Amino acid sequence: MSDAAQPTAAEVRAAAEAVKTALDRHLAAVERRSGEDDPAVYEAFNELAAAAEAYDELLYDRYDEVTPFEIPGAEDSLPPYVGPEEPNALSVLIRRDYAVVEPQRLLAQAQRVEAADYDESGEASSTVHGALGILFGEFEADEIASRHKEFGLEEGDSTLWVTAADETAEPGEWLEAPFEQIDPQRVVCRFDVSAVFDEDVDDIDDEDDADDADVPEIDDAAGELADDLDADVDDAEDEDLERLDADR
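Here the structure is a predicted model, which is why all the values come from computation and not from measurement.

Undergrad: Before we move on, could you go through the pattern of salt bridges and cite the residues and values that matter?
TA: Taken as a whole, this structure holds eight salt bridges when the rule is applied. For Arg 147, the salt bridge identified is with Glu 143, shortest N-O distance 2.7 Å. For Glu 143, a relative accessible area of 30% puts it in the partly exposed group.

Undergrad: Would you mind going over helix 4 (residues 128-138) in detail, with residue names and values included?
TA: Where helix 4 is concerned, the buried positions are Gly 130, Ala 131, Ile 134 and Leu 135. Down the axis of helix 4, the buried set is contained in an arc of 130°. They therefore lie on one face. Away from the buried face of helix 4 by more than 90 degrees, exposed residues His 129 and Gly 137 are located.

Undergrad: Let's hear about the layout of surface pockets: which residues, and what values?
TA: As a volume, the largest pocket reaches approximately 710 Å³. Forming the boundary of the largest pocket are 24 residues, of which Ser 91, Ala 169, Trp 174, Gln 181 and Ile 182 lie nearest the centre. Where the lining of the largest pocket is concerned, the elements lending two or more residues are strand 1 (89-100) and strand 2 (153-165). Of all the elements, strand 1 adds the most residues to the lining of the largest pocket, at six residues. Counted by class, the lining of the largest pocket contains 13 nonpolar, four polar and seven charged residues.

Undergrad: Tell me about the environment of Asp 56, and please be specific about residues and values.
TA: Tracing the backbone through its elements, the reader meets Asp 56 in helix 2 (residues 39-63). The exposure class of Asp 56 is partly exposed, given its relative accessible area of 22%. When the C-alpha atoms of Asp 56 and Thr 67 are compared, they prove to be 5.9 Å apart, with 11 residues separating the residues in sequence. Apart from the residues within four sequence positions on either side, Asp 56 is in contact with Glu 65, Val 66 and Thr 67. There is a polar contact of 2.6 Å between the side chain of Asp 56 and the side chain of Thr 67.

Rules of the game
Residues numbered from 1 in each chain as written. Predicted model: local features only at pLDDT ≥ 70, side-chain atom pairs only at ≥ 80, totals over all residues. Heavy atoms only, no water. Salt bridge = Lys/Arg side-chain N within 4 Å of Asp/Glu carboxyl O. Buried < 20%, exposed > 50% of the residue type's maximum accessible area, 1.4 Å probe, protein only. Helix = DSSP H or I, 4+ residues; strand = E, 2+ residues; numbered from the N terminus. Arc of directions from axis to C-beta. 1 Å grid on protein atoms, 1.4 Å probe; cavity = no way out; pocket = protein on both sides within 12 Å on 5 of 7 lines; lining within 4 Å. Points joined across faces, edges and corners; volume = space filled by probe spheres on them. Nonpolar A, V, L, I, M, F, W, Y, C, P; charged D, E, K, R; others polar. Contact = heavy atoms within 4.5 Å. Polar contact = N/O pair within 3.5 Å; in protein donor to acceptor, adjacent residues only side chain to side chain.

Remember that the coordinates give geometry; whether it matters functionally is a separate question.
Below you can see the structure in the form of structure tokens.
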């Protein structure tokens, strides 16, 4: 970042004061909470999170330092559910991100579909955006998700939200703006898939591997012990046979 774009020391100090103020407000809201899902506590929580994030960014830009604050992710920051206990209708919102990693494979698949439908390939399948239109028009989104590699795509993050409704919308009612009227407080549940979670699992696996490296191989130790016992038994049997021969 250039010096001209860096925040001033006064701006960083003001952001720190904003965190202190938000912290006091959050504590006061918690002390006055009227129930487990008090909206005042939720609002104060969001203000504190925003103030902490702003301060963290300014502190880093100005001094190249960070705070120990961890801003909760989207799932953790969803507001309390206030929808109907027994929803009469549901809306399912799905977002899946893809990277186009093999454009030629994508184009080839679209040309096959177009040739099968129209007996020849046209202009639509000659561009990436045209090919995407053909493939997503031909295949269901779930099928593309399961066969994404065949289409030259690479999966990114994805999320699925289930929201409650009092009644089913009228036909065509929300088609002009299908994603603009989602009330977070009516989200019944959500499911996220991200490489971030895979990295966390990899870290755990690495720790387990390190622990395993310090533990002796049990199978090898057991095998050596069994060999020693067999040898002792054989020696004892040889000694018994020698005694018998001597007695005779």
